[in-house]
Amino acid sequence: MQPADRIDYTNSVLCLGLVFGQGFLCEAQRGLTGQNLGPISTTPFMSTIVDSFCLGIVISSICGKWPFEKNVDIPATSRESLTQRLCANADPFPHIRYWNWALWADDLASSPLFDCSDTSLSGDGEYNSDEQPSEVPPGWVTVPRGTGGGCTRCGPFKDMEIHLGPFSHDFDAPGPPPPPQFEYNPRCLNRSLNTYVSSTYTNATVIEDLIMTDSIADFQLVLDHNPFVMNGSLGIHGGGHWSLGATHSDLFASPQDPAFMLHHSMIDRLWAEWQAMDEPNRRYALNGTDGFLNPPTSTVVTPDTMMEFGVLDRPRPIREVMDPKGHQYCYMYT
Ligand SMILES: [Cu+2]
């Protein structure tokens with residue numbers, strides 16, 4: 001991302017966070033969740049996050065997650081996205097911004113994205129001596145502590161307030177939103193840059209391994225290794241989340257970190273690259289169910305399975321969110 005792109009992105013997040021949301025956003029979400037969300041979703045940014053949270057629980061199986069994220073995250077990378085489609089001016093194709101993890105995997109604090117400059121996404125949190133190494137889940141994958149652990153106090157998001165969570169890292173079962181559910185909990189954006197995690201799980205070699213997989217099952221395994229099986233890997237996806245500390249590694253509250261969208265755009269980019277290498281066999285390849293961690297009672301997902309997007313979009317069959325140049329999309333990656 002060029003500096004002007006980064007400014008554009010941070011301005012977009014700040015704008016969405018500062019503009020007060022309309023009542024219909026909350027009404028729609030009450031309809032989806034059956035709950036009064038109170039002040040938690042009073043801005044469009046928080047509404048997007050709450051919808052990610054609510055709907056992510058429903059479809060966050062390995063199979064349905066990336067099509068869902070494409071439809072949530074890709075519009076969120078564009079300032080105009082809430083009011084116009086990306087394809088309004090299709091020539092040239094809009095380019096989507098992303099966090100190219102491997103470029104700075106060995107030194108996150110020096111990354112233009114996290115160096116606390118005006119063109120960054122802010123940086124490390126203040127040093128918190130209470131931060132401890134983590135077990136993900138307990139006893140299986142050990143993550144050493146990062147270099148911060150407190151509030152980020154520099155860069156564009158130094159005054160950012162987040163409201164949702166925090167949630168336990170132990171949550172590993174399908175069901176309703178876990179406590180504290182939608183409790184309003186205003187606090188700062190927590191960061192703890194973790195170069196051990198980024199250099200281990202999001203380096204150039206593992207990205208190459210991902211691109212070279214030849215089945216959707218293997219692609220998912222390298223990308224999104226299920227940490228609840230014992231071989232000590234967070235996967236690339238988990239690695240990006242755990243690289244930034246408590247907020248970004250929160251299973252449900254992580255979209256509140258502005259890096260979340262760019263992290264998932266990078267995943268979308270790699271998925272698109274992998275699909276394009278074998279169009280007939282990979283474009284609509286899926287592997288998984290509609291349940292969190294594919295429980296036995298869940299249903300196998302196909303391209304015709306419908307996904308809901310709350311206030312963000314109408315329900316769509318998954319096939320409509322699997323092609324960057326198909327259906328409602330018209331974008332590409334550089
Ligand atoms: Cu994620």
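Small disclaimer: the values here were computed from a predicted structure and weren't measured.

Here the copper ion is held by the protein donor atoms His 237 (NE2), His 241 (NE2) and His 264 (NE2), which lie 1.9 to 2.0 Å from it. If you list the donors of the copper ion from N- to C-terminus, the spacing comes out as H-x3-H-x22-H. Of this pair, His 237 sits in helix 8 (residues 235-242) while His 264 is found in helix 9 (residues 259-276), placing the two residues 27 residues apart along the sequence. For His 237, a relative accessible area of 8% puts it in the buried group. Residue class for His 264 comes out buried when judged on its relative accessible area of 3%.

Looking now at the UniProt feature "domain: Tyrosinase copper-binding" (unreviewed entry) in the protein. Summarizing the sequence annotation, UniProt attributes the feature "domain: Tyrosinase copper-binding" (unreviewed entry) to residues 257-268 in the numbering used throughout. Overall, residues 257-268 shows 83% helix and 0% strand. The separation of its end C-alpha atoms is 18 Å.

The next thing to look at is the state of the cysteines. Scanning the entire structure with this criterion turns up two disulfides. Two residues, Cys 116 and Cys 154, share a disulfide whose sulfurs are 1.6 Å apart. The chirality of the disulfide connecting Cys 116 with Cys 154 is right-handed, given an S-S dihedral of about 55°. Of the two residues, Cys 116 sits in the loop between helix 4 (62-76) and strand 1 (134-135) while Cys 154 sits in the loop between strand 3 (150-151) and strand 4 (161-162), which places them 38 residues apart along the sequence.

Reading the values: the criteria
Residues numbered from 1 in each chain as written. Predicted model: local features only at pLDDT ≥ 70, side-chain atom pairs only at ≥ 80, totals over all residues. Heavy atoms only, no water. Donors = N, O, S within 2.8 Å, 3.2 Å for Na, K, Ca; no water. Helix = DSSP H or I, 4+ residues; strand = E, 2+ residues; numbered from the N terminus. Buried < 20%, exposed > 50% of the residue type's maximum accessible area, 1.4 Å probe, protein only. UniProt positions renumbered as here; feature names shortened; annotations may be inferred. Disulfide = S-S within 2.5 Å.

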